[in-house]
Amino acid sequence: MTGLGPLAWPPAPIWTERLVLRESEARDRAAFIELFASPEVSAYTGGPRPRDELERAVPEVPGRRPGLFVIEADGAMIGTIELNRRDAEHRSHVRPDAGEAELGYLFLPQAWGRGYAAEACAAALGWFAETLPGEPVVLCTQTANDRSMRLAAKLGFTEVQRFEEWGAEQWFGVWSPVTPSG
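Reading the values: the criteria
Residues numbered from 1 in each chain as written. Predicted model: local features only at pLDDT ≥ 70, side-chain atom pairs only at ≥ 80, totals over all residues. Heavy atoms only, no water. Helix = DSSP H or I, 4+ residues; strand = E, 2+ residues; numbered from the N terminus. Contact = heavy atoms within 4.5 Å. Phe/Tyr/Trp six-rings, centres within 6.5 Å; stacked < 30°, edge-to-face > 60°. Buried < 20%, exposed > 50% of the residue type's maximum accessible area, 1.4 Å probe, protein only. Core = buried A, V, L, I, M, F, W, Y, C linked by side-chain atoms within 4.5 Å. Arc of directions from axis to C-beta.

### Digging into the overall build of the chain
Line of reasoning, step 1. Helices and strands together make up the secondary structure of the chain, namely four helices and eight strands.
Line of reasoning, step 2. Each helix and strand of the chain, placed in order from N terminus to C terminus, yields the pattern β-β-α-α-β-β-β-α-β-α-β-β.
Line of reasoning, step 3. The long-range share in the chain, meaning contacts at least 24 apart out of those at least 6 apart in sequence, stands at 65%.

This is how it looks when you write it as structure tokens:
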């Protein structure tokens, strides 16, 4: 994955009814470690990383890079959203030259089932549509990840294809700001 291009980063925080999408801060370090060490969070992304390894590897201010938003609820980090360019080596694309933006998200288990992911992703997609008008956004998830599949449908992603990769069936969809997003 590569950055989004010549965008000014970070943007101003994005406020929704219940959330703030913002740049990472030092106070988020423990939540980043929890996110990457969680077996529930990483069930469809290759598995958890050892906590002691994360304690050594995660920088004082983690995740500070273009395209990554920390999601905050009630003053605490509950997850991340990332918008990056999909590498040409990836199996699926919607543009002939590849490089489309790809949406990724991780939320701590205590934030699941409250609509936070839909609220935060919709806000990030809205920001993206205003910042880079007319550009599609893609999403790839395992079909076995029911929560992610429901979120993709709720956000208005439409299926482009399914394929086998990493020992599981993958779902690849596209969202376009010119079509209704559900």
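### Considering the packing of aromatic side chains
Describing an aromatic ring pair means giving the distance of the ring centres and the angle of the ring planes.
Line of reasoning, step 1. Applying the stated criterion across every chain yields a total of four aromatic pairs.
Line of reasoning, step 2. Residues Trp-9 and Phe-69 carry aromatic rings whose centres are separated by 5.1 Å and whose planes lie at 65° to one another, so their mutual orientation is edge-to-face. Residue Trp-9 is located in the segment before strand E1 (14–15), and its partner Phe-69 is located in strand E3 (residues 68–73); the two are separated by 60 residues in the primary sequence. Accessibility assignment for this pair places Trp-9 and Phe-69 in one class, buried.

### Examining the nonpolar core
Line of reasoning, step 1. Ranked by internal contacts, the top residues of the largest apolar core, which has 35 residues, are Leu-21, Ile-71, Ile-81, Leu-103, Val-137 and Phe-157.
Line of reasoning, step 2. For Ile-71, the contacting residues outside a window of four places in its chain are Leu-19, Val-20, Leu-21, Ala-76, Met-77, Ile-78, Gly-79, Thr-80, Ile-81, Phe-107 and Ala-120.
Line of reasoning, step 3. Judged by nonpolar contacts, the second largest core, of eight residues, contains Ala-31, Leu-35, Leu-68 and Val-70.

### Things to note about helix H4 (residues 146–155)
Line of reasoning, step 1. Looking only at H4, the buried set comprises Ser-148, Met-149, Leu-151, Ala-152 and Leu-155. In an axial view of H4, the angular spread of the buried residues amounts to 160°, which keeps them on one side of the axis. Exposed residues on H4 whose side chains face more than 90 degrees from its buried face are Arg-150, Ala-153 and Lys-154.
Line of reasoning, step 2. In this fold, the buried residues of H4 make contact with strand E5 (101–107), helix H3 (116–131), strand E6 (137–142), strand E7 (158–165) and strand E8 (168–175).

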